[in-house]
Amino acid sequence: MLWLRGVWRGVDRIARTTGRAARGNHGSRAMVVVWLIGAVFVFALAGYGLTMRTPSWFHSGEMDGAESRRIAQRLENRIITEAYRFRGEPTAGPDGVRRTGEDWRLRVTEAEVTAWLTVRFPEWLANRDPPARVPPGVRDLQAHFGSGRAWIAGRVDESVYSFSTAVRSNAGGIWLSGVRAGVGSFWLPASWGGLGMLGMIGREESLGAWRIVSGDEPLVAGGLVRLEDGRRVRVVRAAIVSGAIEVDCRTEVP
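Let me begin by describing the structure that accompanies this report. (Residues numbered from 1 in each chain as written. Predicted model: local features only at pLDDT ≥ 70, side-chain atom pairs only at ≥ 80, totals over all residues. Heavy atoms only, no water.)

The next thing to look at is the overall build of the chain. Broken down by element type, the chain carries eight helices and 12 strands. Taking all 254 residues of the chain together, 38% fall into the buried category. Here the chain has roughly 15100 Å² of accessible surface; of this, 58% comes from carbon and sulfur atoms. (Helix = DSSP H or I, 4+ residues; strand = E, 2+ residues; numbered from the N terminus. Buried < 20%, exposed > 50% of the residue type's maximum accessible area, 1.4 Å probe, protein only. Areas by Shrake-Rupley, 256 points an atom, 1.4 Å probe, with all protein chains shown as cover.)

This part covers the pattern of salt bridges. Think of it this way: side chains of opposite charge can pair up when their charged atoms draw near. By the definition in use, this model includes 15 salt bridges. A salt bridge links R78 to E112, with the shortest nitrogen-to-oxygen separation between them at 2.8 Å. Of the two residues, R78 is situated in helix α3 (residues 65–84) and E112 in helix α4 (residues 110–119); the sequence distance between them amounts to 34 residues. Judged by relative accessible area, which is 27%, R78 ranks as partly exposed. A residue is classified by how much of its surface remains accessible, and E112, at 10% relative accessible area, is buried. Between D248 and R105 there is a salt bridge whose closest N-O contact spans 2.6 Å. Here D248, found in strand β12 (residues 244–253), pairs with R105, found in strand β3 (residues 104–109); they are 143 residues apart in sequence, far enough to count as distant. Residue R105 is classed as partly exposed on the basis of its relative accessible area, which comes to 46%. A network of salt bridges, in which partner residues are shared, links R105, R107, R237, E246 and D248. (Salt bridge = Lys/Arg side-chain N within 4 Å of Asp/Glu carboxyl O.)

Across the nine residues that make up strand β4 (residues 138–146), a large majority, eight, are buried. Across seven bridges, β4 lies against strand β5 (residues 149–156) in antiparallel orientation. For F145, the partnering residue across the bridge sits in β5 and is A150. Between β4 and β5, which pair antiparallel one after the other, the connecting turn spans two residues, and S147 there sits at a positive phi close to 55°. (Pairing = 2+ DSSP bridges.)

Of all hydrophobic cores here, the largest spans 24 residues; its most connected members are V108, V113, L117, F121, F145, V233 and I245. Those elements giving two or more residues to this core turn out to be α3, β3, α4, α5 (121–126), β4, β11 (232–241) and β12. With four residues, the top contributor of residues to this core is β4. With residues up to four places along the chain from it excluded, the contact list for F145 reads V108, T109, E110, V113, A150, I240, V241, S242, G243, A244 and I245. Core analysis: the next-biggest nonpolar cluster, separate from the first, contains five residues, W57, F58, W151 and A153 among them. (Core = buried A, V, L, I, M, F, W, Y, C linked by side-chain atoms within 4.5 Å. Contact = heavy atoms within 4.5 Å.)

Now for the packing of aromatic side chains. Considering all chains together, one arrives at four aromatic pairs under this definition. On the basis of an interplanar angle of 70° and a centroid distance of 6.2 Å, the ring pair of W57 and F58 is categorised as edge-to-face. The exposure class of F58 is buried, given its relative accessible area of 5%. Consider the rings of W57 and W151, whose centres lie 6.3 Å apart with planes at 50°: the pair is tilted. Residue W57 is located in the loop between α2 (24–51) and α3, and its partner W151 is located in strand β5; the two are separated by 94 residues in the primary sequence. Relative accessible area serves as the criterion here: at 15%, W57 is assigned to the buried category. By relative accessible area, W151 is classed as buried at 14%. A network of ring pairs unites the aromatic residues W57, F58 and W151 as a single cluster. (Phe/Tyr/Trp six-rings, centres within 6.5 Å; stacked < 30°, edge-to-face > 60°.)

For the rest of this paragraph, the subject is unusual backbone geometry. With a phi close to 55°, D140 is a non-glycine residue in the positive phi region. In this fold, D140 is placed in strand β4.

Structure (structure tokens):
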């Protein structure tokens with residue numbers, strides 16, 4: 001950041017000159033104003049510089065469509081297989097809820113999520129009621145997991161837009177936590193300015209997404225996913241680890 005040091009030295013020089021040229025309280029006030037203007041200018045330039053920096057984990061270039069579809073389909077099949085797997089006869093647990101078998105874990109890698117975002121996410125949006133779509137011009141959708149946080153990013157023109165979140169779980173369900181929105185390598189809490197891209201997906205969808213992002217609603221209510229055969233999968237814990245997200249589940253019988 002040598003250029004920032006040069007800008008700051010220039011601001012300091014102007015402030016000192018102003019202070020010497022002015023007298024009394026007016027001179028002190030003038031110098032404070034110059035310092036404040038200079039500080040805002042420097043931080044604005046620094047912020048702009050960060051918006052132009054591509055996150056180190058983001059990779060440009062189109063993924064192979066056939067390979068992405070294969071990976072995404074395999075992921076969906078694996079999730080369905082694990083959710084519906086027969087895990088034994090129901091037994092009463094310590095909490096009185098009948099469960100089948102031991103708790104089980106589902107691990108999903110960032111490569112699998114990236115492939116799903118590339119080919120299946122647009123199709124999933126289009127099949128919703130009402131239909132929605134990925135904002136025009138968004139490409140190279142990618143996922144990244146690490147440091148207890150998950151990132152989802154996409155390129156619009158020459159800039160990379162993204163949001164990141166941690167997850168927490170309690171009796172009320174699985175919740176997003178500490179959501180941030182960013183451009184390039186510049187990040188701010190999503191609550192400061194919202195996620196503008198959500199509004200491009202569709203009014204109804206964006207409002208629902210914002211309630212989840214803001215923590216007003218859980219991502220998975222009660223941590224329960226109901227299966228078509230009457231069983232339920234309870235998400236006991238969700239953890240973001242390096243390169244993957246791990247979800248500990250329990251199959252229950254009502």
